[in-house]
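Structural characterization, general
Given next are the chains, with one letter for each unit.
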Amino acid sequence: METDCTRGEAPVNDATTGPAGPTGSLPALPAGTRLLHIGPHKTGTTAIQGALFAAKDRLPQHGVEFPATTRHPMEAALAACARPAMMGDTVPTGKHWTRLLQQVEATGSRTSVISSEFFADAPDDETVARIVEQLGGERVHVLVTLRPLARIMPSQWQQYVQNGLRMGYEDWLHHMLRKAPYDKPNPSFWHRHRHDRLVERWSRAAGAGRVTVVVVDDRDRDGLMRTFEALLGLPAHLLQPVPDTANRSLTLAETEMLRKLNVEFRGNGLPDELYSKLVRNGAVMHMKNSCSPTAADVKISTPAWAVEAAGRIGAEMVERIAASGVRVVGDPALLSALPALPAQPGPPAAEARIAPEVAAQALYGALAAAAAAPVRHTAEAKSRTVHQTSSKDLVRVLGHRCLKKLRRR
């Protein structure tokens with residue numbers, strides 16, 4: 001790639017820093033620290049947020065507070081970063097951020113931990129500096145969790161599809177890796193996942209001495225939990241994984257079904273609020289909760305050219321992170337390691353087939369979400385029977401009804 005988005009500006013010497021020792025020897029942060037975990041996305045954030053929230057009532061016994069009232073204070077983070085909500089969701093306001101700041105302030109001199117991957121979306125140095133200052137200035141310690149790009153890309157693509165993306169995986173990879181200026185269709189991707197620049201932005205605000213980068217090793221499923229425990233001075237194994245089927249990644253067939261639905265949804269000009277209620281929080285959520293992937297399901301497969309490109313970018317990022325002077329926990333070499341490719345890659349998207357029971361669960365989820373917001377019959381609906389109405393018009397009428405109900409609420 002020839003763009004500034006994916007290439008280091010100059011060669012650096014990484015001899016000045018290196019990975020910290022084993023987690024057991026990782027010193028706890030000073031009492032009263034406000035640990036700000038900024039993600040980015042697809043680096044174990046949901047697992048950590050779930051474990052912290054589940055242990056919320058036991059943390060104070062060890063001098064630690066989890067000030068948020070929900071597992072993930074997403075609206076507060078979005079408001080702090082002046083970023084829009086996910087497609088059709090509640091618009092975040094300054095009140096969300098102010099409420100979280102008040103909850104953090106109420107922890108007093110105790111250690112607190114705030115976690116949201118959406119802090120990685122802070123657009124510029126000014127916003128980052130403001131967030132650090134409002135959370136406590138010198139009391140803030142920033143934690144960045146990182147995984148290899150090659151493992152992040154398929155997860156991030158299917159997550160974008162869950163927010164309305166209509167582009168296929170290989171086409172999306174082509175735009176992200178080969179088509180300058182590498183910012184379409186998702187400009188947030190490189191802002192989040194050019195990890196060296198993410199670290200540099202937050203280091204300029206907090207200071208390199210108050211930034212820790214944790215390299216997540218997918219072979220050690222509990223490693224991230226143990227790292228958080230060490231940094232927060234918590235007893236070993238206090239943080240435990242919380243099963244969360246709603247956060248599982250979609251299979252290739254599920255993602256392709258949703259992507260094609262996105263094409264129809266946009267083509268018919270339906271409102272974003274309807275997508276949030278019926279699709280993302282209806283069909284997709286119910287499908288995730290009701291259907292577990294099996295060995296027969298085809299996973300999203302990244303082509304070799306994209307894996308190799310991700311490895312090269314990862315190596316550049318490792319050099320710049322090492323030169324930044326921040327503390328690195330774990331093995332930075334993992335960020336540029338190339339994952340083993342399957343001996344036989346999965347079938348192309350056109351051949352992916354979704355099981356009938358999975359499609360049925362998705363359809364039921366959408367119907368259940370619609371039924372949860374009953375609406376009055378309109379004159380338009382009464383004037384024609386169902387069999388006299390085209391499917392396109394039926395979808396429009398249903399969308400109009402649900403939107404009216406959402407607005408009344």
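Within every chain, residues take consecutive numbers counted from 1 along the sequence as written. Only residues with pLDDT of 70 or above have their local features reported here, since the model is predicted, and side-chain atom pairs are shown and tallied only from 80 upward, although totals for entire chains, interfaces and linings are computed over all residues. Excluding hydrogens and water, the side-chain figures rest on all heavy atoms present in the structure.

Topic: the overall build of the chain
Just so we agree on the cut-off: By the criteria applied, helices consist of DSSP H or I runs no shorter than four residues and strands consist of E runs no shorter than two, each listed in order from the N terminus. For each residue, the accessible area found with a 1.4 Å probe, counting protein chains only, is set against the maximum for its type, and the residue is called buried under 20%, exposed over 50%, and partly exposed in between. Residues are treated as being in contact if the distance between any of their heavy atoms lies within 4.5 Å. All accessible-area figures derive from a Shrake-Rupley calculation using a 1.4 Å probe, and residue coverage is judged against the displayed protein chains alone.
Looking only at helices and strands, the chain has 15 helices and 7 strands in total. Taking all 409 residues of the chain together, 48% fall into the buried category. For the chain, long-range pairs separated by at least 24 residues make up 82% of all intrachain contacts whose partners lie at least 6 apart in sequence. Within the structure as shown, the chain displays about 19500 Å² of accessible surface, and the carbon and sulfur contribution to it stands at 53%.

Description of the nonpolar core
The nonpolar side chains of soluble globular proteins are, as a tendency, buried together. Using the following cut-off: What makes a nonpolar core is a set of buried Ala, Val, Leu, Ile, Met, Phe, Trp, Tyr and Cys residues whose side-chain atoms join them at distances within 4.5 Å.
Residues Phe-119, Ile-131, Trp-202 and Phe-228 are the most contacted members of the largest nonpolar core, which totals 64 residues. Considering each element in turn, this core owes the most residues, 6 residues, to helix α9 (residues 223–232). Sequence-distant contacts of Phe-119, that is, excluding residues within four places in its chain, are made with Leu-36, His-37, Ile-38, Ala-77, Ala-80, Cys-81, Trp-97, Ile-114, Ile-131 and Trp-202. Counting 46 residues, the second largest nonpolar core, distinct from the first, contains Tyr-160, Ala-306, Ile-313 and Val-358.

Regarding the packing of aromatic side chains
Test applied: In this scheme Phe, Tyr and Trp rings, the latter by its six-membered ring, pair at centre separations within 6.5 Å, and the angle between planes marks the pair as stacked below 30 degrees, edge-to-face above 60, and tilted otherwise.
Under the criterion given, the structure shown has 8 aromatic pairs. Considering the side-chain rings of Trp-172 and Phe-189, the 5.3 Å spacing of their centres and the 80° angle between planes classify their relative orientation as edge-to-face. With Trp-172 in helix α6 (residues 169–177) and Phe-189 in helix α7 (residues 188–193), this pair connects stretches of sequence that are 17 residues apart. A relative accessible area of 0% means that Trp-172 is categorised as buried. Ring geometry for Phe-189 and Trp-190: centres 5.0 Å apart, planes at 75°, overall edge-to-face. Here Phe-189 and Trp-190 have matching classes, each one buried. Taken together, the ring pairs connect Trp-157, Tyr-160, Tyr-169, Trp-172, Phe-189 and Trp-190 into an aromatic cluster.

A few points about helix α12 (residues 304–323)
Keep this limit in mind: The span you would expect from a helix comes to 1.5 Å times its residue count less one.
Taking 1.5 Å per residue as the helical rise, α12 with its 20 residues ought to reach 28 Å, and the 29 Å between its terminal C-alpha atoms agrees with that figure. Just downstream of α12 lies Gly-325, where phi reads positive at about 85°.

Observations concerning the pairing of strand β6 (residues 211–215)
Put simply, the rule reads: Note on pairing: two strands pair once DSSP finds at least 2 bridges between them.
With 5 of its 5 residues buried, β6 lies for the most part within the structure. Burial along β6 is two-sided: the face carrying Val-211, Val-213 and Val-215 and the face carrying Thr-212 and Val-214 are both buried. Examined bridge by bridge, strand β5 (residues 140–146) and β6 share 5 bridges and lie parallel to one another. Pairing of Leu-143 across the sheet is with Thr-212, part of β6. Note: β6 against strand β7 (residues 327–329), 3 bridges, orientation parallel.

Description of the pattern of salt bridges
Using the following cut-off: Every case where a carboxyl oxygen of Asp or Glu lies within 4 Å of a side-chain nitrogen of Lys or Arg is listed as a salt bridge.
Scanning the model with the defined rule gives 17 salt bridges in all. Put simply, Arg-110 and Glu-65 hold a salt bridge, and the shortest N to O gap is 2.9 Å. Taken together, the residues Arg-110 in the loop between α3 (94–105) and β4 (111–115) and Glu-65 in strand β3 (residues 64–65) connect sequence positions 45 residues apart. Residue Arg-110 is classed as partly exposed on the basis of its relative accessible area of 36%. For Glu-65, a relative accessible area of 19% puts it in the buried group.

Quick look at the packing of helix α5 (residues 149–161) against helix α10 (residues 252–267)
Threshold: Note on geometry: axes are C-alpha line fits, over the in-contact stretch for helices, and angles between N-to-C directions span 0 to 180 degrees. Whether a crossing is left-handed or right-handed is set by the direction in which the near helix is turned from the far one by less than a right angle, anticlockwise for left-handed and clockwise for right-handed. Residues are sorted three ways: Asp, Glu, Lys and Arg are charged, Ala, Val, Leu, Ile, Met, Phe, Trp, Tyr, Cys and Pro are nonpolar, and all the rest, Gly among them, are polar.
Where α5 meets α10, the closest approach of the two axes is 9 Å, and the angle between their N-to-C directions is 40°. Two packed elements cross with a definite hand, and for α5 against α10 that hand is left-handed. Between α5 and α10, the residues in contact are Trp-157, Gln-158 and Val-161 and Thr-255, Glu-256, Leu-258, Arg-259 and Asn-262, respectively. Per-class residue counts for the contact of α5 with α10 are 3 nonpolar, 3 polar and 2 charged.

What to know about unusual backbone geometry
With omega at 10°, the peptide bond leading from Gly-39 into Pro-40 counts as cis. Within the secondary structure, Pro-40 sits in the loop between β2 (34–37) and α1 (45–54). Of note, the amide linkage connecting Ala-180 to Pro-181 takes the cis form, showing an omega dihedral of 5°. In this structure, Pro-181 sits in the loop between α6 and α7. A positive phi angle, near 55°, is found at Ala-82, a position not held by glycine. Relative to the helices and strands, Ala-82 is located in the loop between α2 (74–80) and α3. Accessibility expressed as a relative area gives 64% for Ala-82, which makes it exposed. Located in the positive-phi region is Tyr-182, a residue other than glycine, with phi close to 65°. Judged by its relative accessible area of 6%, Tyr-182 falls in the buried class.

Re the packing of α5 against α6
Convention followed: Orientation labels follow simple angle bins: below 35 degrees gives roughly parallel, above 145 gives roughly antiparallel, 65 to 115 gives roughly perpendicular, and whatever is left gives oblique.
At a minimum axis separation of 11 Å, α5 and α6 run at an interaxial angle of 110°. It follows from the interaxial angle that α5 and α6 lie roughly perpendicular. By crossing handedness, the relation of α5 to α6 is classed as right-handed. Contacts from Met-153, Pro-154, Trp-157 and Tyr-160 in α5 reach Tyr-169, Trp-172, Leu-173 and Leu-177 in α6. A class-by-class count of the residues in the contact of α5 with α6 yields 8 nonpolar, no polar and no charged.

Read these as layout, nothing more, since geometry by itself doesn't imply function.
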